[in-house]
Each structure stands twice: as C-alpha cells, then as structure tokens.
Amino acid sequence: MDKKYSAEPYRIKMVEPIKETSRQEREMLLKNAGYNPFSLKSEDVYIDLLTDSGTGAMSQEQWGAMMVGDEAYAGSRSFFKLESVVRNITGYQYFMPVHQGRGAEQVLLPQLVTKKGMYYISNIHFDTTRAHVELAGARALDCVIEACFDIDLDHPFKGNFDLDQLERIINSKGKENIAGIIMTITNNSAGGQPVSMENLRAVKQIANKYQIPTIIDGARYAENAFFIKQREKGYEDKTIIDIAREECSYADIFLMSAKKDGLVNMGGIIAIKDNEELFNKCKVTVIPYEGFPTYGGMNGRDMEALSVGLMEGLDERYLRHRTDQVRYLGDKLKAAGVPIQYPIGGHAVFVECKRFAPHIPSYQFPALSVTNAIYLEAGIRAVEIGSLLLGRDPDTHENKVSEMELMRLTIPRRVYTYKHMDVVADAVIHVYQHRHELKGYEFVYESPILRHFTSTFKPIGGLK
Ligand code: PM9
C-alpha cells in the first residue's frame, strides 16, 4: 500500500458475506425498485455506499460495553455514563439522548420558532434538517461561501459560512425573525466539506451581536476537527478532542446524529450549553416523540456503545485512515478525469453529474441517472444529492434547482477495504467513459415530503 494512504488500523474479526448479481438481474431489481436505489434490498447490493449513517462496524470494546447496558426505564446507569462523555466532549451542562439525528431536530428546532415567518440560517441545511425547519413552520436559508460550488477550486474549508451574506440575511429578515444559525460540520450536502475554526468563531461573534442562538449539527464534528488539525494554522499540535471542544464552544446547542461520528448504528444527541429553560422545554417534548428524557428512544446497551464510540470516533489514527480511504477513492476518480468535489471531503466522494452528464437537465435528475448506472454496472449503490433531494419550494411548489447535481459515494466507517474502493473506482470510470449513453429520469410517483426516499421513476426513452 502506498504510504500516501494509511492502512486499516484494525484487524477484521467477523465478516458478512456479500452477494454478487448479474447485470441482467440488476436490471430487473432496479426496475422493481422503481429506479430508486433507496428501494433496493441491501442484499442485492455488492458495495453499499448509500450512506455512512448507522452503517459502520462497531469495535470489540463497543460490543463488550453493550453487555453491561442498564435497561432501566428511567435514570439508567448507561444514561449517566453517556451524559458524562457528552459533557466531557462538548463542555455543555445539559444532555438528552434521542433515537437519531432527526429526533433531535424534531424535538429542538420547533422550540426556537416562536412566531410565524421565522428563519433558520445554515451553511447548508441537510435534508432532514430542512424538513424539520419547514415542519416547524419556519424557512431554511443557506449561506455557504461561493467557493463551495467551484468543484475544482482547492479551498481548505469549502463548508464555511459566507459571513457577509449571513449579516445581510439577518438584517434583511430582521434579527427577531431568525430562530437560529445551524453550523453543519462537516457540511454534508456540499461534499463533506469542513468549516474552519476561524469561521465558526466569526459566526458566533455575529450571532452574539444580534443575540441569535447557534446550533452545531455535529453528525461529523470529529471529521471536521481532524480537517482543522490538518489544514488550519495553530491547530497542528492540538488534540482532536480539544479541537472538538473548541468547536462546541462556539455554539449554544449541539445536535448530533450519532450514527456517523458516534460510531453506532442508531442514536442521537441533544446537548445544551447552559439554557435550562430550553432544556426543560425539550424534556416536555421528548417524552411523546422519543421517550423518557433519560433514554429518548435509545436502550441502555446502545447508550453504552455510544459512550465508547464517541471516544473512538475522536481517535486520530482512526480519523487519518478514515479520511485517507475516502481520499484514495477520490484521487483515483480525479486522476481519470471524473469531475468530483475537490478537495475530497470527510465521509464521501461527491461526483458532479452536471459535468458528468451535461446532456441531462436538472429536472431529469442527472445524478440519479449516474447513480443508477453504477448500480447496473457493478452492483454499487450510491445516492443522489441534487435537485431530486432538494425538492420543491414549500410555498410555490416549483421544483428547486440545485447548484450542484451530486452523486455521493458514501463510505461506511470501518466496513470496506481499499480493494473495495478499487472496484468502485473502476465502475465509476467505466460509466464515465460511456456517459453519453446515460438517460434522464421522470417521476412515476412523487412523494410529497423528502421525496428522494420513496418516489418512483422511469428512464426517459428506456434504459437502452
Ligand atoms: N444524514 C446521510 O446519509 C442519513 C439520511 S439520508 C440517507 O448523510 C446531518 C448533517 C446529516 C443527517 C443524516 C442528519 C439526520 C442530520 N444532519 O439520519 O436522522 O447528514 O440520524 O440524522 C444521512 P439521522
């Protein structure tokens, strides 16, 4: 292995066999799934790069910890253990578990929407976050830097907020109408791109000036901390946990889908710095939606696994390998001329399908077309992050057009090897070389909310 990329810092002690299918079988399977990869059975997928969410492998320490899970309905030992880990990382006083990230969004986001006509501002809202902002009666505004949309531009922190635009939005909408500022680290929708510490600090200063609460969407806060250590001056010698603590210091609230950097298959976190009143409001809401505030949809053994997983997720050797493996795949694609978001982000390689298949317009979902083509080619499942995911304007119901039409090749944590990445690269490069044959897609059924998950499609003019 080239020393440019670090090998897996673990031995594989248990394996899950994976099935291979023929092209003919895959054509039938995809048709039966309504040409929506979310509807494929995972056993019909050879390499599953749909998501890095809840798809990772747990360590022997995590499996061992599960044995001592305390399954009390209220006040379990496992809760207090997890609370102390979350307090140690965030430095926040209040903590509540939830079943996953969207549970945290559902409980917390409506609390700050105190009247009609309010907004959340984020670098870029991820899909479930945007959905919960809208379900809470608010509107979601994004203000990431322009550099984020120039995939070839080598910028170390493409997830950064555009600070001028942030202030302009606050002034034009009125500070009293801003429910909160959501810092998504890393910025998933734009390529798992990190946000610099300098930018987080500046956002907090602006938020303080206008007295607006700040929220970290910390699904991948540890990968963000690793990039800060690698790329930001002054952080080279700091530990990852210290960097993570500083990230948290610039927010009032920390929401996390623990299925990512928490290295568990299910779980979520709401942590609040010092606002007891807000915490009490969340405690009221969490009960009907998630469960009693000391379990919030998680069982004791899962809280034990998360207590261990959060610390493992901050391990520098692990994070180096994780980001190296993603970069290895990205470097191979880039070297073959495949257009990708560059620099390569933390959890996935994002292929820009506007450039990959310029003959397919946004409303025919070019990234869905490429995603389906790599499934047909090699049984690899990726995911569309483009106009299909963006959905319709909640007020006009017009299709929104995404700045980028991305296919995300998302790498689960500690699951696949470099050899799997070679197979993925070969398949994507093959499809790229035959890109002129790709067809656009149209809806057969369009789901009204989060449509990318359950809509069905057909290829315009058939597959061949
Ligand atoms: N992210 C992802 O694949 C899972 C859903 S889409 C297949 O990237 C952020 C930044 C996320 C995220 C989920 C959530 C919601 C919040 N913020 O999936 O509810 O990337 O745990 O988290 C997915 P849950």
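Quick caveat: nothing in here was measured; it's all calculated off a predicted structure.

### Remarks on the nonpolar core
Phase 1: Counting 58 residues, the largest nonpolar core has Leu166, Ile170, Tyr221, Phe254, Ile269 and Leu310 as its most contacted members.
Phase 2: Among the elements that make up this core, the one with the highest residue count is helix α7 (residues 197-210) (six residues).
Phase 3: Each residue touching Leu310, except ones within four places of it in the same chain, is listed here: Leu82, Val85, Val86, Ile89, Tyr221, Met256, Asp261, Gly262 and Ile269.
Phase 4: Residues Ile360, Ala373, Ala425 and Ala427 belong to the second largest nonpolar core, which totals 37 residues.

### Considerations on the site of the ligand
Phase 1: Taken together, 18 residues form the shell around the ligand, and within it Thr51, Arg102, Ser257, Lys260 and Arg408 come nearest.
Phase 2: In this structure, Asp217 approaches the ligand through a side-chain N or O atom, which is 2.8 Å from a nitrogen atom.
Phase 3: In isolation the ligand exposes 520 Å². Once the protein is present, 96% of that is buried.
Phase 4: A total of three residues in the shell around the ligand trace back to one element, the largest contributor, which is helix α4 (residues 101-108).
Phase 5: Looking at the shell around the ligand, its residues break down into three nonpolar, eight polar and seven charged.

### Some words on unusual backbone geometry
Phase 1: With an omega of -15°, the peptide bond between Ile185 and Thr186 qualifies as cis.
Phase 2: In this fold, Thr186 is placed in the loop between β5 (178-184) and α7.
Phase 3: With an omega dihedral of 0°, the bond running from Tyr342 to Pro343 counts as a cis peptide bond.
Phase 4: Within the fold, Pro343 resides in the loop between α12 (316-335) and β9 (348-352).
Phase 5: One non-glycine residue, Leu263, lies in positive phi territory at about 55°.
Phase 6: Mapped onto the fold, Leu263 is located in the loop between β7 (253-257) and β8 (268-272).

### Details of the sheet that holds β9
Phase 1: The strand order across the open sheet built from three strands is β9-β12-β11, with neighbouring strands paired in antiparallel fashion. Edge positions in the open sheet fall to β9 and β11 (383-385), since each of these has one partner strand only. The average undirected angle you get between the axes of adjacent strands in this sheet is 35°.
Phase 2: Relative to strand β12 (residues 406-410), β9 runs antiparallel, the two sharing five bridges. Counted as the bridge partner of Val349 is Leu409 from β12.
Phase 3: Packed onto the sheet, helix α14 (residues 366-378) meets β11 and β12 and runs at close to 40° relative to β12.

### Focus on the pairing of strand β6 (residues 214-217)
Phase 1: Alternating residues of β6 divide into Thr214 and Ile216 and Ile215 and Asp217, and every residue in both groups is buried.
Phase 2: The parallel pair β5 and β6, bridged by α7, forms a crossover whose chirality is right-handed.
Phase 3: Of the pairings in the sheet, the one linking β6 to β7 comprises three bridges and is parallel in character. The residue of β7 that forms the bridge with Ile215 is Ile253.

### Description of the environment of Thr410
Phase 1: Mapped onto the elements, Thr410 comes out in strand β12.
Phase 2: Each C-alpha atom, one on Thr410 and one on Ser53, is 9.1 Å from the other, the two residues being 357 residues apart in sequence.
Phase 3: If near-sequence neighbours (up to four positions away) are discounted, Thr410 is found in contact with Asp48, Leu49, Leu50, Thr51, Asp52, His347, Ala348 and Val383.

Parameters and conventions
Numbering of residues starts from 1 in each chain and follows the order in which that chain's sequence is written. Two thresholds apply to this predicted model, a pLDDT of at least 70 for residue-level local features and 80 or more for giving and counting side-chain atom pairs, whereas whole-chain, interface and lining totals are computed over all residues. The basis for every side-chain value is the complete set of heavy atoms in the structure, and neither hydrogens nor water enter the calculation. What we call a nonpolar core is a set of buried Ala, Val, Leu, Ile, Met, Phe, Trp, Tyr and Cys residues that are connected through their side-chain atoms within 4.5 Å. Throughout this description, buried means an accessible area under 20% of the type-specific maximum (1.4 Å probe, protein chains only), exposed means over 50%, and partly exposed covers the range between. Labels follow the DSSP assignment, with helices taken as runs of H or I lasting at least four residues and strands as runs of E lasting at least two, numbered in each case from the N terminus. Here, residues are in contact when the closest pair of their heavy atoms is within 4.5 Å. Residues are labelled near a given molecule or strand when at least one of their non-hydrogen atoms is within 4 Å of it. N or O atoms closer than or at 3.5 Å make up a polar contact, with two conditions inside protein: a donor-capable atom paired with an acceptor-capable one, and, for residues adjacent in sequence, both atoms drawn from side chains. Areas reported as accessible are Shrake-Rupley estimates using a 1.4 Å probe. Residue values count occlusion only from the protein chains shown. Residue polarity is assigned by list, with Asp, Glu, Lys and Arg as charged and Ala, Val, Leu, Ile, Met, Phe, Trp, Tyr, Cys and Pro as nonpolar; anything else, Gly included, falls into the polar class. Any two strands between which DSSP finds at least two bridges are classified as paired. The axes used here are C-alpha line fits, helices contributing only the stretch in contact, and every angle between their N-to-C directions lies in the interval 0 to 180 degrees. Every crossover in which the path from the first strand over the helix to the second runs clockwise, viewed with the strands pointing away from the viewer, is termed right-handed.

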